[in-house]
Amino acid sequence: MMMQKNEFIFFREGIMATIELREDVGVKNIKEFYNELMMLLKGQEEIVLDFSQVRHVDLSLAQVLMAAHKIARKDNKVIKLKRVSQELKDQMQIAGLSK
C-alpha cells in the first residue's frame, strides 16, 4: 500500500514499511511526520527511512528520530536509515543519532 504526502511517501508491505522523506521535512510539517511514524511503529516490525532526497536535518526531525529509535528499541522493532548522504551522516553524528 502506498500513501503520498507532500513531504513524504509511505509504502507498507507485510511487516515492513518504507518512508521516503523529501528534502523539506522539518519544523513546519514535523507533527504530521511524527504522527505517521508513531502509527507505523505500532503496526510494523521494521521501518526503513529513505533519506535520498533529504539535504538537511533540523532539530525537530532529529528529535523525532531519537524518540522513534527509543520506542523501537523498547518494543524490539527496527528502524533503518537508507541512502543517507555523507553530509547528513555528519549532521546526525553531531546530533548523537549515529556512531
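So, a few notes on the structure that sits alongside this text. This is a predicted model, so every value here is computed, not measured.

Reading the values: the criteria
- Residues numbered from 1 in each chain as written.
- Predicted model: local features only at pLDDT ≥ 70, side-chain atom pairs only at ≥ 80, totals over all residues.
- Heavy atoms only, no water.
- Core = buried A, V, L, I, M, F, W, Y, C linked by side-chain atoms within 4.5 Å.
- Buried < 20%, exposed > 50% of the residue type's maximum accessible area, 1.4 Å probe, protein only.
- Helix = DSSP H or I, 4+ residues; strand = E, 2+ residues; numbered from the N terminus.
- Expected span 1.5 Å × (residues − 1).
- Pairing = 2+ DSSP bridges.
- Right-handed = clockwise from strand over helix to strand, strands pointing away.
- Polar contact = N/O pair within 3.5 Å; in protein donor to acceptor, adjacent residues only side chain to side chain.
- Contact = heavy atoms within 4.5 Å.
- Salt bridge = Lys/Arg side-chain N within 4 Å of Asp/Glu carboxyl O.

So, the nonpolar core
Right, so step 1: Ranked by internal contacts, the top residues of the largest apolar core, which has 24 residues, are Ile19, Leu21, Phe33, Leu37, Leu49, Phe51 and Leu61.
Right, so step 2: Elements with a contribution of two residues or more to this core: β3 (16–21), α1 (30–43), β4 (46–50), α2 (59–74) and α3 (86–94).

Re α1
Right, so step 1: Here α1 spans 20 Å end to end across 14 residues, near enough to the 20 Å set by a 1.5 Å rise per residue.
Right, so step 2: Along α1, the residues that are buried comprise Ile30, Phe33, Glu36, Leu37, Met38, Leu40 and Leu41.

A look at the pairing of strand β5 (residues 78–82)
Right, so step 1: Pairing geometry for β4 and β5, over 5 bridges, is parallel. Bridge pairing links Val48 to Lys80 in β5.
Right, so step 2: This β-α-β element, β4 to α2 to β5, shows right-handed connectivity.

Things to note about the side chain of Ser60
Right, so step 1: Examined against the element boundaries, Ser60 turns out to sit in helix α2.
Right, so step 2: Here the side chain of Ser60 touches Asp58 through a polar contact of 2.7 Å, side chain to side chain.
Right, so step 3: Residues contacting Ser60, with those up to four places away along its chain left out, are Gly26, Val27 and Ile30.

Remarks on the pattern of salt bridges
Right, so step 1: Summed over the entire model, instances satisfying the criterion amount to 3 salt bridges.
Right, so step 2: Asp50 is paired through a salt bridge with Arg83; the nearest N and O atoms lie 3.3 Å apart. Here Arg83 lies in the loop between β5 and α3 and Asp50 lies in strand β4, a separation of 33 residues in the sequence.
Right, so step 3: By relative accessible area, Asp50 is classed as buried at 2%.
Right, so step 4: Looking at Arg83, the relative accessible area reads 53%, which means it is exposed.

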